[in-house]
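# Fold and geometry: a report
As a plain string of letters, each chain reads:
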Amino acid sequence: MNDNGALTKRIVKESARLQQEPVPGISATVDEHNPRYFKVVIDGPSEGPYEGGKFKVELFLPEEYPMAPPKVRFMTKLYHPNIDKLGRICLDILKEKWSPALQIRTVLLSIQALLSAPNPDDFLDADVAEKWKADEKGAKAIARDWTLKYAHEI
């Protein structure tokens, strides 16, 4: 049986909801040529090193979605223990904790929350995690510098 129609319906429904009920601090636009590809901008959370930043993220829904998680990565360079230099994200719901009950909206909210609460104990970038653990204030200063340097172009 081909579930492509159902998948497409789900993607269309989720896309429409993102447009009609946008997530505060997150802009998600469906690519006009590929309904599985989203251009996302996440506002840096206030009262932290990412405040004021505009972080570009790409989100792609594989053919297996919703049985498989979306592919998500940061396009904006940032200093964060859970995001590596290629923009890959260490987030359990993008891996072993994924469930088809989760939606694009949930994923984006989780990524936004990760910016608010970096977790150096579950790192993807060992150097950043080490710095974060040894000198959190210094690590946040670097994160702030990178936010000012890289996260203002849209």
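This text follows the structure it describes.
Okay, so let's go over this structure. Keep in mind that this is a model prediction, so the values were computed, not measured.

Parameters at a glance
- Residues numbered from 1 in each chain as written.
- Predicted model: local features only at pLDDT ≥ 70, side-chain atom pairs only at ≥ 80, totals over all residues.
- Heavy atoms only, no water.
- Buried < 20%, exposed > 50% of the residue type's maximum accessible area, 1.4 Å probe, protein only.
- Helix = DSSP H or I, 4+ residues; strand = E, 2+ residues; numbered from the N terminus.
- Pairing = 2+ DSSP bridges.
- Core = buried A, V, L, I, M, F, W, Y, C linked by side-chain atoms within 4.5 Å.
- Contact = heavy atoms within 4.5 Å.

## Quick look at the pairing of strand β4 (residues 71-74)
On β4, burial follows the alternation: Val72 and Phe74 on one face are buried, whereas Lys71 and Arg73 on the facing-out side are not. In the sheet, strand β3 (residues 54-60) pairs with β4 via four bridges, with the strands oriented antiparallel. Paired with valine 57 across the strands is phenylalanine 74, a residue of β4.

## Description of the pairing of strand β1 (residues 26-30)
Pairing of β1 with strand β2 (residues 37-43) involves five bridges; the strand directions are antiparallel. Directly across from isoleucine 26, in β2, lies its bridge partner isoleucine 42. Adjacent in sequence and paired antiparallel, β1 and β2 are bridged by six residues.

## Topic: the nonpolar core
Grouped together as the largest cluster of nonpolar side chains are 36 residues, with contacts concentrated most on Val40, Leu59, Phe74 and Ile89. Counting residues per element, the ones that place at least two in this core are α1 (4-20), β1, β2, β3, β4, α2 (104-116), α3 (126-134) and α4 (136-150). Per-element tally for this core: the top contributor is α2, with six residues. Isoleucine 89 has contacts with Val72, Arg73, Phe74, Asn82, Ile83, Leu94, Lys95, Ile111, Leu114 and Leu124, leaving out every residue within four places of it along the chain.

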